[in-house]
Amino acid sequence: MIDAMSRRVWTRSSLEHALKNHRHIQHMFQIASRTAQTAQAGTLRVIKPFGLILAFASFLTGCERESSDRSEPERPNILIILADDLGYSDLEPFGGEIKTPNISALARDGILFTDFYASPSCSPTRAMLLSGVDNHVAGLGNMAEMIALDGDPRRGSPGYEGFLNQNVASISEILRANGYHTYMAGKWHLGFDAEHGPKARGFERSYALLRGGAGHLGNQSLNDPRKATAYLEDGTRATLPANFYSTRFYTEKLIEYIDANVGDDKPFFAYLAYTAPHWPLQAPKSSIARFAGKYDAGYDVIRAQRVKRMRRLGLIDLMHDASARPGSLASWESLSADEKTRQAQFMEVYAAMIADIDRYVGDIISHLKKIGEYDNTVIIFLSDNGPEAGMFETYWPELFSSIAGCCDQSYDTIGSAKSYVWNTPGWAWVSATPFSGAKGQTREGGVRVPAIIHYSRSAAEGFYARRPVSVLDIAPTVLELAKIARPTPEFDGRKVAALSGQSFAHLLAESDVAVKSNNTGRCIGWELMGWRALRCGYWKLLWDPYDGADGWRLFNLKADPNEAFDLSEVRPQELANMLDGWETYAAQNNVVLWKEAPSGTQLPDDAQAWDESAPPRARRQKPR
């Protein structure tokens, strides 16, 4: 395993050379010793199976890192990399079979979060990431598209505007006002026009896809691939280049922005919001070819292999089983030969998109090293929600009509700009390993996401952070690292909501890792499109709006991380406590349930412009 992680060949001469530097080896063992002590406290744990050997091996190989004197600069650069619909186990350090050496290096030399939570879907997560405030306060109490498609009676009311509202201050606004350069490239999804775009929310330079997704190899609208969608550069309508590939283009654009101000002694905040691996599944042929035949064994076998790796890495307790295949999901062996071939090809493209994320993450890391900014850059990598499970045919017939009018869905074209496909429930089940649920749901598979923080100047290396952490925590963490006070009750002449997240910057401090990481008692809440949940410590309260059994379910995630055993009837006191916690969360965060919204709610003058021509989801059952 050490050889797999370091990609080095061990020789006697290299070992003898390394042993000459006794003082540095001693320092690495001291770090490992502290980590072992922390593991006994149950809050942080060395990434298995590394332990003391990894600490020693990291020195011997150099861990492919630039040398650093660990001296603390006044303020670091901040780089946030956000993947789109990436599942918990898709990346290599989280047990995936897709090789991601650059992201693996960030985890190996940084902190990997095992219990990091986002929203069940795209734009609410982005609102919380940039504001540090719950999505029901920040303007995305429901997604703009869903408010329009479902005829949501809450539309236009405070917290449900469908864009990042003025009741919050974005970290891009705050950082720019405090001397940072601010750059953004990729998916915005927090407003569909320039008035609500990244330039209006503090980004000095930006190239943004305004809506929730688009083609990866050309300008295709997400809802109707026969049409184009809107991109803005610095608030002005932009045209994509002929050789556009989303992941490469956004990376190169962000590098361009960073380079424009290199050497002016101002730190930067860079937000790289990839649209991959969100559907449509598209990638260059050369990328897809690397995965030919990789998934022919099917989702049952691939998931079992991931479970095995996750056990070896310490991500799944040996006492726990992974969630069972849902009863509605057919076994791989029961599929026809044609369906197996087609579904395997979908996953090959999906894997290629993830591998390309890693490739271009490597490019921006290499560039930061080249310009001398890597050691002074805090890198945070995460996904915005769980994996997409498709099933659009159950409620979105209009999408299929538009695809039929433009696209070639034959096997030979899958993954090209001519095709328009998405992954299936079987592969979403794999991506969410070991959990149940997927994107759009508040089950663990929909909201628990891969996340990593890396900082070369930090002595906290190779840790698992086993504590509940929320995307809400990123904004206060960034502000603490930048040495900027939280901007309440006012910012830029307007009243703004107080940040509700909790900084985890202290985890990067060597002396604080074991002392300040215990946070198992905090509560994190969710509500989106009828789904509700609350996690407090190891207890989780869940409301499934499409479950025939009416009522709340209660789970103990320590004993049952897969949410298989409902304890609501046998633990009435814990249920009562959690229900009280839910009511508190809802009251404090402007949560208005569908049935409680006033009828005939009118849009305020500054509300988001809605796409009334969007296809109604006529077959979708309304949340109860």
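Scroll up to find the structure this text is about.
A few points on the structure. (Residues numbered from 1 in each chain as written. Predicted model: local features only at pLDDT ≥ 70, side-chain atom pairs only at ≥ 80, totals over all residues. Heavy atoms only, no water.)

Overall, the coordinates contain 32 salt bridges when judged by the stated rule. The closest approach of N and O atoms between Asp384 and Arg126, which form a salt bridge, is 2.8 Å. With Asp384 in the loop between strand 9 (377-383) and helix 14 (397-404) and Arg126 in helix 6 (residues 122-131), this pair connects stretches of sequence that are 258 residues apart. Using a relative accessible area of 0% as the deciding quantity, one classes Asp384 as buried. Judged by relative accessible area, which is 0%, Arg126 ranks as buried. A single salt-bridge network, built from bridges that share partners, covers Asp115, Glu444, Arg448, Arg535, Lys540 and Glu563. (Salt bridge = Lys/Arg side-chain N within 4 Å of Asp/Glu carboxyl O. Helix = DSSP H or I, 4+ residues; strand = E, 2+ residues; numbered from the N terminus. Buried < 20%, exposed > 50% of the residue type's maximum accessible area, 1.4 Å probe, protein only.)

What follows is about unusual backbone geometry. Residue Pro280 is reached from Trp279 by a cis peptide bond, and omega for that bond is 5°. By secondary structure assignment, the location of Pro280 is in the loop between strand 8 (268-273) and helix 11 (285-289). With an omega of 5°, the peptide bond running from Thr433 to Pro434 counts as cis. Along the polypeptide, Pro434 turns up in the loop between helix 15 (425-431) and helix 16 (444-447). Notably, Asp265 is not glycine yet its phi reads approximately 70°, a positive angle. Here Asp265 is to be found in the loop between helix 10 (246-259) and strand 8. Take Asp265: its relative accessible area is 77%, and that puts it in the exposed class. Despite not being glycine, Lys483 shows a phi value in the positive range, around 60°. In this fold, Lys483 is placed in the loop between helix 17 (474-481) and strand 13 (490-491).

Our focus in this paragraph is the sheet that holds strand 18 (residues 553-556). An order of 15-16-17-18 is seen for the four strands of this open sheet, with the pairing classed as antiparallel. Every interior strand has two partners, whereas the edge strands, strand 15 (523-528) and strand 18, have only one. Direction aside, the axes of adjacent strands within the sheet are offset by 15° on average. Strand direction decides the pairing type here: strand 16 (residues 531-536) and strand 17 (residues 539-543), joined by five bridges, are antiparallel. Looking at strand 17, one finds that Cys536 is bridged to Trp539. (Pairing = 2+ DSSP bridges. Axes fitted to C-alpha atoms, helices over the stretch in contact; angles between N-to-C directions.)

Bringing the pairing of strand 3 (residues 111-117) into the picture now. The buried fraction of strand 3 amounts to seven of the seven residues, a majority that puts the element mostly inside the structure. Across five bridges, strand 3 lies against strand 10 (residues 448-454) in antiparallel orientation. Across the sheet, the residue bridging to Phe113 is Ala451, located in strand 10. Here strand 3 runs beside strand 12 (residues 469-470); their pairing, made up of two bridges, is parallel. Pairing of Tyr117 across the sheet is with Ser470, part of strand 12.

On to the side chain of Asp356. Note on placement: Asp356 falls in helix 13 (residues 337-370). Note on Asp356: relative accessible area 0%, which makes it buried. The contact partners of Asp356, leaving out residues within four places of it in the chain, are Tyr245, Thr247, Pro284, Ser287 and Arg290. (Contact = heavy atoms within 4.5 Å.)

A few words now on the packing of helix 5 (residues 101-108) against helix 13. The geometry of helix 5 relative to helix 13 is characterised by a closest axis approach of 7 Å and an angle of 65° between their N-to-C directions. In this structure, helix 5 uses Pro101, Asn102, Ile103 and Leu106 to contact helix 13, whose residues at the interface are Ile357, Asp358, Arg359, Val361, Gly362 and Ile365. Along the lines of polarity and charge, the residues of the contact of helix 5 with helix 13 split into six nonpolar, two polar and two charged. (Nonpolar A, V, L, I, M, F, W, Y, C, P; charged D, E, K, R; others polar.)

Moving on, we come to the state of the cysteines. Enumeration according to the criterion identifies two disulfides in this entry. Here Cys406 is linked by a disulfide to Cys407, with a sulfur-sulfur distance of 2.4 Å. Here the S-S torsion is close to -45°, and the disulfide linking Cys406 with Cys407 is therefore left-handed. Cys407 gets classed as buried once you look at its relative accessible area, which sits at 16%. Residue Cys523 pairs covalently with Cys536 via a disulfide, S to S 2.0 Å. (Disulfide = S-S within 2.5 Å.)

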